[in-house]
Structures are given as C-alpha cells and as structure tokens.
Amino acid sequence: MVYNNMSTSELFENPSDVLELRFWASYRGQTLARTVRGMMYYRKAIMLQSYLERISPGDTEATLSAKEAFDTQGFELSPEARAQADLKFTYVVTCQIYGKQKEQQKPEAADIAMLMQRHEALRVAFIDVVETLKEGRVHTEYYSKLVKADDNGKDKEIYSVKLPGDPKLGEGKPENQNHAIIFTRGSAVQTIDMNQDNYFEEALKMRNLLEEFYHDHGIRPPTILGVREHVFTGSVSSLASFMSNQETSFVTLGQRVLANPLKVRMHYGHPDVFDRVFHITRGGISKASRVINISEDIYAGFNSTLRQGNITHHEYIQVGKGRDVGLNQIAVFEGKVASGNGEQVLSRDIYRLGQLFDFFRMLSFYFTTVGFYFCTMLTVLTVYIFLYGKIYLALSGAGESIMEKANVLQNTALTAALNTQFLFQIGVFTAIPMILGFILEQGFLRAVVSFITMQLQLCSVFFTFSLGTRTHYFGRTILHGGAKYQATGRGFVVQHIKFSANYRLYSRSHFVKGLEVALLLVVYAAYRYDDGGALGYILLSVSSWFMALSWLFAPYVFNPSGFEWQKTVEDFRDWTNWLLYRGGIGVKGEESWEAWWEGIGIFEHIRTFGGRLMEILLSLRFFIFQYGIVYKLHASGDDTSLTVYGLSWIVLAVLIILFKVFTFSQKISVNFQLVLRFVQGVSFMLAMAGLAVAVVLTNLSVPDIFACILAFVPTGWGIISITVACKPLMKKLGLWKSIRSIARLYDAGMGMIIFIPIAIFSWFPFVSTFQTRLMFNQAFSRGLEISLILAGNNPNSDL
C-alpha cells in the first residue's frame, strides 16, 4: 500500500500520519469522530457568517471591502468571529463512562480527549464516581461533570454537580440525555445521535431554521422544529438502500403529513430542534422509566403534544444520518423498536393521547407509532387465521359439504366466500409510502425505475422478512412485556455471518413460524376440497408460500458470500459442532446448543403465570393437525370415534419411547453398553414387526405413513412449547433432559430443511456471483471477488 508516496512502514513510523489515517477511516464509518466533525460545522458556519457580516459591538453596520469579501480564509482566525461563535453555539457530548475510562486508561478516553483538543467548542459530560473512606466504611458519591480541553491538552472541569445517588435508575440512553441537558445553554437544543453527520452548506441554514420559532405556525408558537434527514449509508448494499429509502419516505412524506395538517410529531431520534425552555420545564426531552420507556425519544413528541406544544416540519435543511447496513443489525434494530412500541401500548402517554385526539389525529398513529405495529401484527395474524380456517374446512369435511349444497342451490355468493384467496402478499404493501415518496422526490419515471430496480434486488423478500420481525417482537412484548435496549453498533457489517449465528437469531422469530405456514399449506394441498384444481391452489397459496420462504431463507439470501461453497462447508462444520457440543458451566450459547437452549434467551420473556398460560393456550393450535389428519387415514376408515384419536396418542408415545431408547448414550460400563445395544436391536425389530402387522391387518398405506409425519411433527413441537412454558415443573418431574433431547432433534431437523437448499445452490458458482452483484455496488462486488481469489481455499477469511 502507498499513502502519499509513502510506504506502509514509513507511514506507521510517523504518529501524525497514523492519526490522520485513523481520522480518515473514522470519517467513513458511523463513529463519534464523524458526528463531532459534522456538528462543528455549525460553529464554522457562525464564524463565517459573523466574519462576512463584520458584526462588532462598535459598528454593527460595517461591511467588508470588495477585496476582503473574497478572502474568507482568515475567518477562523478572527477573534471576533470566534467569540461570536462561542456565544451562539456549544456542543455537549454526553458519555456517562468517560470518567471510568480515564481511570482505566482506556484508548476510548484518549480518543475523546483528542477530539476535545481538535475542537475547542466541544464539551463532554460524564458521571464521576468518587469513593471515600468515612468511619471505616466506603462512601460513594456521584457527580455530573462537564469538561473541556485546556491549553495544555488536559481536561479542564467547568461544572461539577453533586447528585443524590446513582443516576442510572432507568434506561441508559434517556438517563444520559437527562443528566447532560443541564449543561446546555440558549433557547434551542438539537439532539444528535452518534450515528449522524452534518454538512457545511446545511449548517449555514441553521440561522434561518431558528427564525421559525418566531413565525406563525398556528395557534401556539412551535416547540419542535422538525428536520429531515439524509441517509448517507444507502450505497453500501441493497439492504442499506432499502433502509435508506424507507427512512427517506418516513422523514419526508410521513413527517410532512404529520406536521401539517395533523400537528403531530413523534420524535424518533431525528435531529429535531427543540424549544429548550419549553421542554426542560415540562419533563425534559426523554423519559427514563425502566422498560416501559425503552423507546425514549418518542416521548419528546408525546410531551410536546400533550402539553399544548406545536409541531413543524422543514425540508430546506437536512442532517446526515447513518442506518444499519447488515440484515442482523436491521433485525435487532427493528426488534428493539417493535418491542418499544409494545411497551408504549401500556404507557399512560398513549392512553392520554387516545383520550384527547380527534379522529383524524388519531389516524396518525397508524403510520407513526403503535398503530403501525398493531396493524402489522394483525396482517400476519390474518394469514394464520385464514390458513387455519381453510385447514379446518378441509379436515372436518365442512367445506366440502357446504360446497356441495352451494352447488345444488346455485348459491354463487357462498361459493365465492369459500374460494376467497390471498392474491397479494400484504407485506409488500408496506413499501407503498416509499413508492409515493419516490414519485414526489424524483418524479414518476425515475420512481418507476427505482421501484423496478429494488424489485430486482429482492426488496419484497426483505420487507416480508421485516414484517415477521416486527410481528414477533411486538406480539411477544404485548403478551409478556420485558423489552430491552439492543445495541446494534451501526458498523459496516458486510462480512459473512455463520449459519449457526443466523439460526440462533431467527429460529424462534422466523424459522418456526415459516415452517408452520409451510406445513399448513402442505396439509391443505393434501386434503383440500375445492374443485379449482392446481391453478386454484396456486392462486390461494402463492402469497403465503412467498411469506414462508422469505422468513426461512432471507437471512441467507442477504448474507455476504452466503452461497460460496467453501463458506457453506465451513458453516456446516460449525453448525454440527454447535449442535452436538454439550453445554456446561461457563459455556456460552454461541458455543453449544445446550447452553443456548438452557440460557435465558429462549425463556426470558416467560415470567408470570399468566404468560405461561398464554403460551400454553397458543401452543394448543399444533394439536389441530393430529386431530384432523388421523381421521383421514385409510387405516381409520369411516370410524369417527375418539378411539382413533386415542390410538394415535399411543402410537406417538411408542415413537417417543423408541427415540429415547435409540438416543440413550449414558456411559456407565461396557456391560451396560452391550445391554443397551441389545435392547436397541430388539426395539428396532419389534417396531418393524409392528409396522408390518399394521400394514397387513389394517388398511395402513404408504401415504398414511407420510400423513402421520404431518400429524405427529406439529404435535411434538406443541408438546415442547408447552413443556418449555412449564420448565420449573418439568425439572421437578425429571423430564427436562428428555424434552431437551427431543428439542435438539427438532432444531437439527429445522436446520437441515433450511441448509439443504443453500448447499444445493452453493454447488453452482454463478449463484454466489449473482448474489454478490445483487447485494452490493459494483466497486464492492469487484473487491469482494478479488478478496475471495486471494483467500484461496481458506474458508476462515474475513469475508
């Protein structure tokens, strides 16, 4: 590598060059250094405007000469311009653990100190914990402090406020904001997330934006000046462009309608400018109640609306913002937001807004807060209800009998009602606001081209997958509560994610539900009653199949190098090691299936007796398959008594006993092993003999055997779900290990169902090349191909 005609060794020998290289890299990520640089453009803009207008206490009307007007290089050295900027602007970065990092001499503290040295207007607020020994006991005191860099490059303390105790009582981010807002000055405050940026030409407009506080925007003066965002991460990958376009439609089309005429703005961490005096006297810009205020930023909009504030939206100024660029990051972020909205349903703010809003302002809930997530959940539940209803009509015979009566009576309305079909995947319609935003922003023709391009990049698969993410986390929070803040990191995650890591993240939220929908469609295909033929089934099931396949395979379709054969082989080896490695003390869930299963990640949302009862009631739906299918077997004939259903449970119990016999591998002695193998052999022969007798003496056929698989597989999963909800009871009864072994079998089966198609596609080299061009821009695709060539046969490379 050559950097300014300098070799790599020479570069790293010069500390200043290394530092500049670090800043160069930081300015191309979502880092604090980039955010600080962007916010400091405000100070630079004030200095330039002050210098050009020659504002001074003595002569406010003085202007520059023609020669000086073009010489703007000296404005940063002008004492008057710097003083004016210091009066008008201050930037407070709140970092609670900065004091602890300084004590531990961590590099993060040195980097923050370096930023303060480079930017003299930068201030850092942090919590200082002081421990003193009084009367033989350790006494802990907490201080909220504000520091800046002095002339010697050291931290200079500006303010120190003693606190009554540990301020971290609620959620971390709102507590961080609340402890630092006391150090802000002036009448306006802009909240900036650490993943944002700014532009100098936009900073020049801030003076105009602040004038909006004095303009007439309705009955009351504005308390929030809404600002649109420019998402700068859209060119990284197709997923990043989807998120960028989605965000752009929300902060333009959506916020525009919310502000005028609805006068509603729910603050989602956007770079809005707040009337500082209004908000700090009315509860602040965020709430920190633990759990229920996990989405802290939205309560600024709630406060402003409830306390007779006014909302505006301005699109002549924008602030940069980085979004998540990897599917796992996006899923974690959307899960966090969905869980936060689930907690908002329980909050008093939503209740009060619901009591006070008129009908039209209440409609704003549909696409800005809890209403959107509730509608999303109802969309997925509608698919489930539709499919389970079709299964009931098919298995019970009610649908066939009603159809015959309708044909005899020529009741076309009843026939049409029974043949209702989902022709479209409703998840795709979540992209409609984005399409309208394209039309308004770019024009009709460019919007059509952009939409077609996104379809070729499989945006429908992504949005359908996001539909499942929102539904799972929102519904789980509604049932059980307990939302948690999830840090996504916001890095440029374009590295290959292992199969086992994706399985751990999405197994319960997407894979189980996708396989359930697929199972419903297979059972309906086997026992459907309508006379529409194959075309009728395709029209009915195409959207549901699309949803199921999107939930199952989207994490691997959007996984960099997801269809690279070397990566696939390595992923399978890692998957089997994870699945078969036994857990124990100190073993993490990333290392062992047992540790993952026993960990709190799967059971943490089930806390109360009511929650366990709800899980049990919801799991009863899996028994519908067995109850309906056993009466459709040739072996049962026309017998509709409960004896048939009871015999099916006996068969299931025998299968479970056989499974335990063949999977029992406790090592006690050699003689015990010989006895165990003898028992396993005898059990196998008895099972084969019993199957042969059943075929001879009854009407059991080969299709019946496959039908029994369709019946017993969901029943087993229902049993596992119920026993998981009753985990303490199962442990007392000594059945937990048996349940765990059956659950391992199910996870292995689900993993193989997903892995086999991936392995088949990975066998063809062109699939990997197509996926790379599908996901990334041309420059990154070329770099990825070069890196794979250089990696050779080493599957453990970074990409």
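Quantities reported herein were computed from a predicted structural model and do not represent experimental measurements.

(A) Structural detail: the overall build of the protein. The helix and strand tally for the protein stands at 36 helices and nine strands. When each of the 799 residues of the protein is scored for burial, the buried share is 47%. Taking contacts inside the protein between residues at least 6 apart in sequence as the whole, the part at least 24 apart equals 76%.

(B) Region of the structure containing the nonpolar core. Of all hydrophobic cores here, the largest spans 88 residues; its most connected members are Phe 462, Val 523, Phe 558 and Ile 629. Examining the composition of this core, we find that 13 residues originate from one element, helix H23 (residues 499-527), more than from any other. The residues touching Phe 558, leaving out its near neighbours within four places in the chain, are Ser 238, Leu 239, Phe 242, Leu 327, Gln 457, Leu 458, Val 461, Phe 462, Gln 771 and Met 775. One finds Ala 33, Met 40, Tyr 51 and Leu 115 within the second-largest nonpolar core, a separate group that totals 41 residues.

(C) Broad picture of helix H22 (residues 459-480). Here H22 is 22 residues long and its end C-alpha atoms lie 31 Å apart, about the 32 Å a rise of 1.5 Å per residue gives. A positive phi of about 70° marks Gly 481, the residue just after H22.

(D) Region of interest: the packing of aromatic side chains. Per the stated rule, a full pass over the model turns up 35 aromatic pairs. Between Phe 462 and Phe 463 the ring centres are 5.3 Å apart and the planes differ by 65°, which places this aromatic pair in the edge-to-face class. Judged by relative accessible area, Phe 462 falls into the buried class, the value being 1%. For Phe 463, a relative accessible area of 1% corresponds to the buried category. For the pair Trp 717 and Tyr 746, a centre-to-centre distance of 5.7 Å together with 50° between the ring planes defines the contact as tilted. Of the two residues, Trp 717 sits in helix H32 (residues 702-725) while Tyr 746 sits in helix H34 (residues 736-762), which places them 29 residues apart along the sequence. The exposure classification of Trp 717 matches that of Tyr 746, with both residues buried. Each member of the aromatic cluster is reached from another via a ring pair, and the members are Phe 465, Phe 499, Tyr 503, Tyr 506, Phe 511, Tyr 556, Phe 572, Trp 575, Trp 578, Trp 596 and Phe 755.

(E) Spatial organisation of the pairing of strand E7 (residues 224-231). Of all the eight residues making up E7, seven are buried; the element is thus mostly covered by neighbouring parts of the structure. Note: E7 against strand E8 (residues 273-275), two bridges, orientation antiparallel. The residue bridging Ile 224 from the neighbouring strand is Phe 274, located in E8. Judged from the eight bridges that link them, E7 and strand E9 (residues 311-321) form a sheet pairing that is parallel. Considered in E9, the bridge of His 230 is made with Gly 320.

(F) Seen up close, the pattern of salt bridges. Evaluation of the coordinates by the stated rule reveals 23 salt bridges. Close ionic contact of Glu 53 with Arg 207 constitutes a salt bridge, the shortest N to O distance being 3.0 Å. Taken together, the residues Glu 53 in helix H3 (residues 32-53) and Arg 207 in helix H10 (residues 206-210) connect sequence positions 154 residues apart. Take Glu 53: its relative accessible area is 34%, and that puts it in the partly exposed class. Between Arg 573 and Glu 570 there is a salt bridge, with the nearest N and O atoms lying 2.7 Å from each other. Taken together, the residues span about one helical turn, with Arg 573 and Glu 570 both in helix H25 (residues 565-580) at a distance of three residues. Relative accessible area serves as the criterion here: at 43%, Arg 573 is assigned to the partly exposed category.

(G) Examining a nonpolar patch on the surface more closely. Taken together, the side chains of Ile 432, Leu 436, Ile 439, Phe 444, Leu 445, Val 448, Ile 452 and Leu 456 make up a nonpolar region of the molecular surface, amounting to roughly 760 Å² of accessible area. Mapped by element, the contributors of at least two residues to the nonpolar patch are helix H20 (432-442) and helix H21 (444-456). When residues of the nonpolar patch are assigned to their parent elements, the largest contribution, five residues, is made by H21. Mapping Leu 445 onto the fold places it in helix H21.

(H) Up close: the sheet that holds E9. Read across the open sheet, the five strands follow the order E5-E8-E7-E9-E6; overall the sheet is mixed. Sheet topology places strand E5 (188-190) and strand E6 (196-197) at the edges, where each strand pairs with a single neighbour.

(I) Local environment of empty space enclosed by the protein. Across all of its chains, the model carries two cavities of 30 Å³ or more by this definition. A volume near 50 Å³ is recorded for the largest cavity. What lines the largest cavity is simply His 496, Ile 497, Phe 499, Tyr 556, Asn 559, Gly 562, Thr 568, Asp 571, Phe 755 and Ile 758. Of all the secondary-structure elements, those providing two or more residues to the lining of the largest cavity are H25 and H34. Across the lining of the largest cavity, the residue classes tally to five nonpolar, four polar and one charged.

(J) A look at H3. End to end, H3 covers 32 Å across 22 residues, agreeing with the expected 32 Å (1.5 Å per residue, within 8%). Across the 22 residues that make up H3, a large majority, 17, are buried.

(K) Expanded view of the confidence of the model for the protein. In the predicted model, the protein carries a mean pLDDT of 79, and 82% of its residues have values of at least 70. Mean pLDDT across the elements of the protein bottoms out in helix H4 (residues 66-69) (49) and peaks in helix H9 (residues 200-203) (92). Counting contacts from residues 795-799, a segment whose pLDDT is below 50, to residues more than four positions away or on other chains yields 16 contacts.

(L) Spotlight on the environment of Pro 79. Structurally, Pro 79 can be placed in helix H5 (residues 79-88). The exposure class of Pro 79 is exposed, given its relative accessible area of 59%. Between the C-alpha atoms of Pro 79 and Met 47, which are 32 residues apart in sequence, the distance is 9.6 Å.

(M) Region of interest: the packing of H23 against H25. Between H23 and H25, the least distance of the axes is 8 Å, while the angle of their chain directions is 55°. With respect to H25, the element H23 is oriented oblique. Contacts between H23 and H25 involve Phe 499, Ser 500, Tyr 503 and Arg 504 on the former and, on the latter, Asp 571, Asp 574, Trp 575 and Trp 578. Split into classes, the residues belonging to the contact of H23 with H25 amount to four nonpolar, one polar and three charged.

So, how was this worked out
- Residues numbered from 1 in each chain as written.
- Predicted model: local features only at pLDDT ≥ 70, side-chain atom pairs only at ≥ 80, totals over all residues.
- Heavy atoms only, no water.
- Helix = DSSP H or I, 4+ residues; strand = E, 2+ residues; numbered from the N terminus.
- Buried < 20%, exposed > 50% of the residue type's maximum accessible area, 1.4 Å probe, protein only.
- Contact = heavy atoms within 4.5 Å.
- Core = buried A, V, L, I, M, F, W, Y, C linked by side-chain atoms within 4.5 Å.
- Expected span 1.5 Å × (residues − 1).
- Phe/Tyr/Trp six-rings, centres within 6.5 Å; stacked < 30°, edge-to-face > 60°.
- Pairing = 2+ DSSP bridges.
- Salt bridge = Lys/Arg side-chain N within 4 Å of Asp/Glu carboxyl O.
- Patch = residues over 30% accessible without salt bridge, like charges linked within 9 Å, V, L, I, M, F, W, Y side chains within 5 Å.
- Areas by Shrake-Rupley, 256 points an atom, 1.4 Å probe, with all protein chains shown as cover.
- 1 Å grid on protein atoms, 1.4 Å probe; cavity = no way out; pocket = protein on both sides within 12 Å on 5 of 7 lines; lining within 4 Å.
- Points joined across faces, edges and corners; volume = space filled by probe spheres on them.
- Nonpolar A, V, L, I, M, F, W, Y, C, P; charged D, E, K, R; others polar.
- pLDDT = per-residue confidence, 0-100.
- Axes fitted to C-alpha atoms, helices over the stretch in contact; angles between N-to-C directions.
- Parallel < 35°, antiparallel > 145°, perpendicular 65-115°, else oblique.

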